[in-house]
Amino acid sequence: MYKTQGLKNSRIEVADALRGLAVVGIILYHSIEHFNLGGPSASCSLPFDGAVFNVLTVLLSGKMYGIFALLFGLSFFIMRDNQEQKGKDFSARFAWRMVLLFGFGVVNLVFYNGDILTFYAILGLLMIPAGYLSTPALWVVTIFLLAQPVEIYSLITGWKPDVSAMGPYYFKMGQACGEGTFLEAAGASLRYGFLSSLLWFVAKGRITQTLGLFFLGILIGRLRLFYNEGRHRSVWYIVFVVSLVLVCAGVAFGSAGHGSVDFGALDALLHPLFNLAILLMIVFGVVLLWYRFAGFRRSLAHICFFGRMSLTNYLMSSLFGAFIFYGWGLGMYKVLGTTWSLLVGIAIVILQIVILRQWAKTHQRGPLETLWRHLTWLGA
């Protein structure tokens, strides 16, 4: 059973920077996907739209949410460890915190049918028992989950999960969000959004990988790998180089698919692992550069506050993006191709930075982060 080491958990700025980069990446990718709506051939398209979409898919799809999941586990460890150092059990308080997060996710579903906060809230409850495991035991569980056990079982037995309802769910949401009123779009998203995302998570092996990344974040917290201590820099080099080699091997042995690399009959197993390698390469590459070069730290310093307000940014982008692309708003999903949609995503990021910079002048946390914190510690 794990016990706190009693070491101070100071603010990890590189984690804030990573979280900020993840938020930016999520907003940009949601924009080129027209916030889950897709759409017909856009009237304003460019010849290189396909190449732009493919590059962004390789760099962003699954990786930004994965970084979020990793940092979600790290945050859980820090909060739990801080309370344990005070002699308090954080389990019940964290469970309540996940109930609140689920509520934020439901609100997000009103605007964006691809919400992941509800899934993080449900899967996050499993971090409570995981937090009590010894570090070696947690490593075993984490590696097992990240190895895609469901996909391995499927390859061995031939069993396939039934995700046939996913297509009809997305079709109904597409109709409502593309052509319906705000109330029709919100109703369809609330009715089918969670179910369609659940089936998509199952189809893409995201449930075990997300949970594994939660647990990996806890382990990174226990080992203090995001602090510039001891011989951590050698660990960052090793993880970065190994991940880079695996990514290069994946590109070499896989075949070019639509916006990504395809591994044929083994794609269901190897593709999540390929994404994991890219994710780890990004994370530890940023950590390595952060502590190695002062100029790199300065260049990302402005994004740290953006990462500290990730919940606010995530919901705010859903509101802006839905208004711009959905039929009840400006209906730009019919008009803008990939490159123009990317520029819209950049504009959303800039707008949110401008708005939240004003907020940050007088507040330490974002508005939703402040509300979440107050409600978490209600009655404490």
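The following paragraphs examine the structure supplied in this document.

## Focus on a nonpolar patch on the surface
Right, on to step 1. A cluster of nonpolar side chains, namely W340, L343, I346, I350 and V354, defines an oily patch on the protein surface of about 450 Å² accessible area.
Right, on to step 2. Locating L343 in the fold gives a position in helix 16 (residues 338-360).

## So, the packing of aromatic side chains
Right, on to step 1. Overall, the coordinates contain 24 aromatic pairs when judged by the stated rule.
Right, on to step 2. Measuring from ring centre to ring centre gives 5.8 Å for F35 and Y112, while their planes differ by 85°; the resulting arrangement is edge-to-face. Of this pair, F35 sits in the loop between helix 1 (13-32) and helix 2 (49-60) while Y112 sits in the loop between helix 4 (91-111) and helix 5 (117-124), and the two are 77 residues apart along the sequence.
Right, on to step 3. Under the relative-accessibility criterion, F35 is labelled buried at 0%.
Right, on to step 4. When the ring of F104 is compared with that of W372, the centres are 6.3 Å apart and the planes differ by 80°; the resulting orientation is edge-to-face. Separated by 268 residues along the polypeptide, F104 in helix 4 and W372 in helix 17 (residues 367-376) bring together distant segments of the chain. Of the two residues, F104 and W372, both sit in the buried class.
Right, on to step 5. An aromatic cluster of at least three residues, connected via ring pairs, comprises F76, F90, F94 and W377.
Right, on to step 6. Above the plane of the ring of Y2 lies R222, whose end atom (NZ or CZ) is 3.8 Å from the centre.
Right, on to step 7. We note R292 situated over the ring of F293; from NZ or CZ to the ring centre the distance is 5.0 Å.

## Quick word on the packing of helix 3 (residues 63-85) against helix 4
Right, on to step 1. Look at helix 3 against helix 4: their axes get within 12 Å of each other, and the N-to-C directions meet at 145°. Between helix 3 and helix 4 lies a crossing whose hand is right-handed. Only F94, R97, M98 and L101 of helix 4 make contact with helix 3, whose side of the interface consists of F72, F76 and M79.
Right, on to step 2. Of the residues assigned to the contact of helix 3 with helix 4, the class counts are six nonpolar, no polar and one charged.

## Comments concerning the packing of helix 15 (residues 310-325) against helix 17
Right, on to step 1. It is at 6 Å that the axes of helix 15 and helix 17 come closest, and there the two elements cross at 125°. Between helix 15 and helix 17, the crossing angle belongs to the class labelled oblique. By crossing handedness, the relation of helix 15 to helix 17 is classed as right-handed. Residues S310, L311, T312 and L315 of helix 15 touch helix 17, and the partners they reach there are P367, L368, E369 and W372.
Right, on to step 2. Its residues placed into classes, the contact of helix 15 with helix 17 shows five nonpolar, two polar and one charged.

## What about helix 5?
Right, on to step 1. Counting buried positions along helix 5 gives seven out of eight residues, so the element sits mostly inside the fold.
Right, on to step 2. Among the residues making up helix 5, those that are buried are L117, T118, F119, Y120, A121, L123 and G124.
Right, on to step 3. Residues of helix 5 that are buried sit in contact with helix 3, helix 4, helix 6 (127-130), helix 10 (182-203), helix 11 (206-223) and helix 15.

## Comments concerning the environment of V241
Right, on to step 1. Secondary-structure assignment places V241 in helix 12 (residues 232-253).
Right, on to step 2. Its relative accessible area of 44% is what places V241 among the partly exposed residues.
Right, on to step 3. Taking the C-alpha atoms as reference points, V241 and E184, 57 residues apart in sequence, are found 49 Å from one another.

## Let's talk about helix 15
Right, on to step 1. Given a rise of 1.5 Å per residue, 16 residues ought to cover 22 Å, and the 22 Å separating the end C-alpha atoms of helix 15 matches this to within 8%.
Right, on to step 2. Here helix 15 lies mainly inside the structure; 13 of its 16 residues are buried.

## Observations regarding the environment of R308
Right, on to step 1. Checked against the element boundaries, R308 lands in helix 14 (residues 294-308).
Right, on to step 2. Residue classification places R308 among the partly exposed positions, given a relative accessible area of 30%.
Right, on to step 3. Distance from R308 to G20, taken between C-alpha atoms, is 7.3 Å for residues 288 residues apart in sequence.
Right, on to step 4. A polar side-chain atom of R308 sits 3.5 Å from a polar atom in the side chain of D16.

## Re the nonpolar core
Right, on to step 1. Counting 99 residues, the largest nonpolar core has L101, Y120, F214, F215 and F226 as the members making the most contacts within it.
Right, on to step 2. Residues in contact with Y120, not counting those within four places in the same chain, are Y65, F68, A69, F72, M98, L101, T210 and F214.
Right, on to step 3. One finds V261, F263, A277 and I278 within the second-largest nonpolar core, a separate group that totals seven residues.

## Details of the side chain of T312
Right, on to step 1. If you trace the backbone, T312 turns up in helix 15.
Right, on to step 2. With relative accessibility at 3%, the residue T312 sits in the buried group.
Right, on to step 3. Among the polar contacts made by the side chain of T312, one reaches the main-chain amide nitrogen of L368 at a distance of 3.1 Å.
Right, on to step 4. Contacts of T312, omitting those with residues within four sequence positions, involve L356, G366, P367, L368 and E369.

## Quick word on the pattern of salt bridges
Right, on to step 1. Enumeration over the complete set of coordinates arrives at six salt bridges.
Right, on to step 2. For R308, the salt bridge goes to D16, with nearest N and O atoms at 3.5 Å. Pair noted here: R308 is in helix 14 and D16 is in helix 1, with a separation of 292 residues, a long-range link.
Right, on to step 3. Among the residues examined, D16 registers a relative accessible area of 2% and is labelled buried.
Right, on to step 4. Linked through salt bridges whose partners overlap, the residues forming this network are R11, D16, R19 and R308.

What counts, and where the lines are drawn
Residues numbered from 1 in each chain as written. Predicted model: local features only at pLDDT ≥ 70, side-chain atom pairs only at ≥ 80, totals over all residues. Heavy atoms only, no water. Patch = residues over 30% accessible without salt bridge, like charges linked within 9 Å, V, L, I, M, F, W, Y side chains within 5 Å. Areas by Shrake-Rupley, 256 points an atom, 1.4 Å probe, with all protein chains shown as cover. Salt bridge = Lys/Arg side-chain N within 4 Å of Asp/Glu carboxyl O. Helix = DSSP H or I, 4+ residues; strand = E, 2+ residues; numbered from the N terminus. Phe/Tyr/Trp six-rings, centres within 6.5 Å; stacked < 30°, edge-to-face > 60°. Buried < 20%, exposed > 50% of the residue type's maximum accessible area, 1.4 Å probe, protein only. Lys NZ or Arg CZ within 6 Å of the ring centre and 35° of its normal. Axes fitted to C-alpha atoms, helices over the stretch in contact; angles between N-to-C directions. Left-handed = near helix turned anticlockwise from the far one by under 90°. Contact = heavy atoms within 4.5 Å. Nonpolar A, V, L, I, M, F, W, Y, C, P; charged D, E, K, R; others polar. Parallel < 35°, antiparallel > 145°, perpendicular 65-115°, else oblique. Expected span 1.5 Å × (residues − 1). Polar contact = N/O pair within 3.5 Å; in protein donor to acceptor, adjacent residues only side chain to side chain. Core = buried A, V, L, I, M, F, W, Y, C linked by side-chain atoms within 4.5 Å.

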